[in-house]
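Residue-level listing of the chains:
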Amino acid sequence: MGLVIALNKGRILKECLPLLSACGIEPDEDPDKSRKLVFASRTGGHKIIITRSADVPTYVEHGVADVGVTGKDTMLEYGEGMGFYELLDLKIGQCRMMTAGPKGLPEPGGVLRVASKFTNITRRYYQKEGRQVALIKLSGAMEIAPLLGLADTIVDIVDTGNTLIANGLEARATICDISTRLIVNRASMKTKFESVQSLVSQLSGVVASNDAARSE
Ligand code: PRP
């Protein structure tokens, strides 16, 4: 039975298409070059839908997509364990969710002003730390918030660390490690069990062999 697979444009798509292709799943057109958002797979009767990254869990939770490929950051921000299961770490898109602030400046006392687009992750982190914060919701480019005096600290994804350095910031605490995960709708797990299982076992094989090649 064909699966509906939700992906998002950008880094995840670029790294994920070769993984799917190694499992024999290829869109009938190149999603990077097409304005189409729904693609048929060349074989297997699957459908590939391209959404905004933050919406992948929504499509999977509502069962519009059977499976989705999404960052752990997006899942944590969305709220894990609602209408989907996490099945596999695809070991791509690896980075860290961190707090960061102006280089060389100690964090001020009192209520900390924290800017982030990951407000749920940020709230939960500081609650656990027992630190009172004023959350400032941004949509991106968080790095300029401390520079312009909007916030004392940011919570953002750090990969190479170059964006922080370029903006006079330094990483402080690691909140969690992030990578790209395969998620599945709870009902599809039952109704399309064989197709889901087959995708998971093929993807696991590809991920393991990529891992082995990297560590050689
Ligand atoms: C992410 C993140 C940082 C940057 C970190 O942004 O928000 O800005 O990457 O990468 P680095 O540590 O290698 O410099 P992204 O480019 O994904 O765009 P976004 O701001 O839209 O999330």
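Below, the structure is looked at part by part. (Residues numbered from 1 in each chain as written. Predicted model: local features only at pLDDT ≥ 70, side-chain atom pairs only at ≥ 80, totals over all residues. Heavy atoms only, no water.)

Comments concerning the nonpolar core
Short version of the rule: The definition of a nonpolar core used throughout is a set of buried Ala, Val, Leu, Ile, Met, Phe, Trp, Tyr and Cys residues joined through side-chain atoms within 4.5 Å. With a 1.4 Å probe rolled over the protein chains alone, any residue whose accessible area is under 20% of its type maximum counts as buried; one over 50% counts as exposed, and the rest are partly exposed. Numbering of helices and strands runs from the N terminus; a helix is a DSSP stretch of H or I covering at least four residues, while a strand is a stretch of E covering at least two. Note on definitions: a residue-residue contact is assigned when non-hydrogen atoms from the two residues lie within 4.5 Å.
Residues Leu 7, Leu 90 and Leu 203 are the most contacted members of the largest nonpolar core, which totals 28 residues. Where this core is concerned, the elements lending two or more residues are strand S1 (4-8), helix H1 (11-22), strand S3 (47-51), strand S4 (67-71), strand S11 (180-185) and helix H8 (193-214). If near-sequence neighbours (up to four positions away) are discounted, Leu 7 is found in contact with Leu 13, Cys 16, Leu 17, Leu 20, Ile 48, Ile 49, Ile 50, Thr 51, Val 56 and Val 69. Among the nonpolar cores identified, the runner-up in size contains 24 residues, and Met 97, Ile 121, Ile 154 and Cys 176 belong to it.

Examining the side chain of Asp 152
One can find Asp 152 in the loop between helix H5 (144-147) and strand S9 (153-158). A residue is classified by how much of its surface remains accessible, and Asp 152, at 15% relative accessible area, is buried. Contact partners of Asp 152, with chain neighbours within four places excluded, come to Ala 100, Gly 101, Pro 102, Pro 108, Val 111, Leu 112, Arg 113, Pro 146 and Arg 172.

Digging into the site of the ligand
Heads up, the rule is: We call a residue near a molecule or strand whenever a single non-hydrogen atom of that residue lies within 4 Å of it. Contacts described as polar in this section are N or O atom pairs within 3.5 Å, which, within protein, must combine one atom able to donate a hydrogen with one able to accept it, while residues neighboring in sequence count only if both atoms come from side chains. To measure how exposed things are, a 1.4 Å probe is used in the Shrake-Rupley method; for residues, cover is taken only from the protein chains shown. For this classification, the nonpolar set comprises Ala, Val, Leu, Ile, Met, Phe, Trp, Tyr, Cys and Pro, the charged set comprises Asp, Glu, Lys and Arg, and every other residue, Gly included, is treated as polar.
Inspection of the region around the ligand gives Arg 11, Lys 117, Glu 143, Asp 156, Ile 157, Val 158, Asp 159, Thr 160, Gly 161, Asn 162 and Thr 163 as its neighbouring residues. A distance of 3.0 Å separates an oxygen atom of the ligand from a polar atom in the side chain of Lys 117. Here an oxygen atom of the ligand sits 2.4 Å away from a polar atom, N or O, in the side chain of Thr 163. Surface burial for the ligand is 65%, taken as the share of its 500 Å² of free accessible area covered by protein chains. Those elements giving two or more residues to the shell around the ligand turn out to be S9 and helix H6 (162-166). Sort the elements by how many residues they give to the shell around the ligand and S9 lands first, with 3 residues. A breakdown of the residues in the shell around the ligand according to their chemical character gives 2 nonpolar, 4 polar and 5 charged.

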